[in-house]
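Coordinates in review
Residue strings, one per chain:
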Amino acid sequence: MKRAPHLLPEDRADFERLLDAVLRTAQDHPALAGTGHRLTAGQLRAMALDAAAVISTAAAAEYDHFVRVREEHRRRHGAVAAPAPCAPADGAMPGAGLGVVVTVLAPILSGSAAVVLLLVGYVLKMLDPPPDVAAPLLGAGWFFAAVAAAGLGAAIVGILVTALRNRANEVTAASGAGHGPLDETARAREAWRNALLERGILPFLRDVLAEPAPPCPPRPALEAGHCPDRAPIPEADPASRDPASGEPRAQRPAEREPTGPGPRPD
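Anyway, here's the lowdown on the structure attached to this text. (Residues numbered from 1 in each chain as written. Predicted model: local features only at pLDDT ≥ 70, side-chain atom pairs only at ≥ 80, totals over all residues. Heavy atoms only, no water.)

**With respect to the overall build of the protein chain**
- When its secondary structure is counted, the protein chain shows 7 helices and 0 strands.
- Of the regular secondary structure in the protein chain, the N- to C-terminal order runs α-α-α-α-α-α-α.
- Here the protein chain holds 266 residues, and 21% of them are scored as buried.
- For the protein chain, contacts bridging at least 24 residues in sequence account for 71% of all contacts bridging at least 6. (Helix = DSSP H or I, 4+ residues; strand = E, 2+ residues; numbered from the N terminus. Buried < 20%, exposed > 50% of the residue type's maximum accessible area, 1.4 Å probe, protein only. Contact = heavy atoms within 4.5 Å.)

Written out as structure tokens, the structure is:
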């Protein structure tokens, strides 16, 4: 299967998709109404792929512009999306702040302490009589439970605020990049596809279908074993051939059938 030599591999699929879309909707194009009568869709597709280099040259200017705009966008997008990491001036690696550590560890430690204190306090309270330390243990357990709940709420709020801030930054970056090179790349690609379809694929298919069908080859006048000038000679009976030479054996007069009344020879 031949391809257009100047098309990049990522753009060759667009050529085939456009061609397949045209062949699927051939009945919607009056100039392609002959599809399926003299040439099938598969034959037209194979012919178009073989002539892809010629077809794609009809939109060479649009394709060059599309490739140039796309490369420019990729260069700018890559430079913005992957900035070089900045190291601190003193050489220290950045770490988590004290607030993040407290927010994460406070609910865990407070919840663990609350579970232990409440469990021990309620076990001691079941004794008869309950010891004096049971009440303070229960009070401390409920205090740490309240601290754990407050820390968990603060952690949830912090996560939501961080997520909303990051979402706002992503929307801002996308809106700033979406009105520039990305839209220009999409417009350039659409212009190339339209030019390839209108000036390349459709005219090629119209020209192929407009070509007259090749004439049928003349039938030979003389075929093997056939002579129109004389009637065919019947093949002799194998029993009447000479066993030595294989030639037909002449019939002797005595073996001929009598044709009329007359004396028989003695």
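Structure shown, so let's carry the discussion forward.
**A closer look at a nonpolar patch on the surface**
- On the surface, Val100, Val101, Val104, Leu105, Ile108 and Leu109 cluster together into a nonpolar patch covering about 530 Å² of accessible area.
- Note that Leu109 resides in helix α5 (residues 98-125).
- Look at Leu109 and you get exposed, because its relative accessible area is 57%. (Patch = residues over 30% accessible without salt bridge, like charges linked within 9 Å, V, L, I, M, F, W, Y side chains within 5 Å. Areas by Shrake-Rupley, 256 points an atom, 1.4 Å probe, with all protein chains shown as cover. Salt bridge = Lys/Arg side-chain N within 4 Å of Asp/Glu carboxyl O.)

**Things to note about the pattern of salt bridges**
- Going through the model one piece at a time under the given rule, you end up with 12 salt bridges.
- Across the salt bridge formed by Arg70 and Glu10, the nearest N and O atoms sit 3.5 Å from each other. Remark: Glu10 occurs in helix α1 (residues 9-24) and Arg70 occurs in helix α4 (residues 60-81); sequence separation between them is 60 residues.
- For Glu10, a relative accessible area of 39% puts it in the partly exposed group.
- Salt bridges linked by common partners bring Glu10, Asp11, Arg70, Glu71 and Arg74 together as one network.

**Regarding the nonpolar core**
- Counting 30 residues, the largest nonpolar core has Phe15, Ile55, Leu196, Ile201 and Leu205 as its most contacted members.
- Top contributing element to this core by residue count: helix α7 (residues 181-210), with 11 residues.
- In this view, Ile201 contacts Phe15, Leu18, Leu19, Val22, Ile55 and Leu196; residues no more than four positions away in its chain are not counted. (Core = buried A, V, L, I, M, F, W, Y, C linked by side-chain atoms within 4.5 Å.)

**Digging into the packing of aromatic side chains**
- By the definition in use, this model includes 4 aromatic pairs.
- The interplanar angle of 50 degrees and the centroid separation of 5.0 Å between the aromatic rings of Tyr63 and Trp192 together place this pair among those described as tilted. With Tyr63 in helix α4 and Trp192 in helix α7, this residue pair connects regions lying 129 residues apart in the sequence.
- Look at Trp192 and you get buried, because its relative accessible area is 1%.
- On the basis of an interplanar angle of 70 degrees and a centroid distance of 5.6 Å, the ring pair of Phe143 and Phe144 is categorised as edge-to-face.
- Exposure remark for Phe143: the relative accessible area of 52% places this residue in the exposed category.
- With a relative accessible area of 30%, Phe144 lands in the partly exposed category. (Phe/Tyr/Trp six-rings, centres within 6.5 Å; stacked < 30°, edge-to-face > 60°.)

**Examining α1**
- Spanning 16 residues, α1 covers 24 Å between terminal C-alpha atoms, matching the ideal 22 Å at 1.5 Å per step.
- Looking at α1, one finds that the buried residues are Asp11, Asp14, Phe15, Glu16, Leu18, Leu19, Val22 and Leu23. (Expected span 1.5 Å × (residues − 1).)

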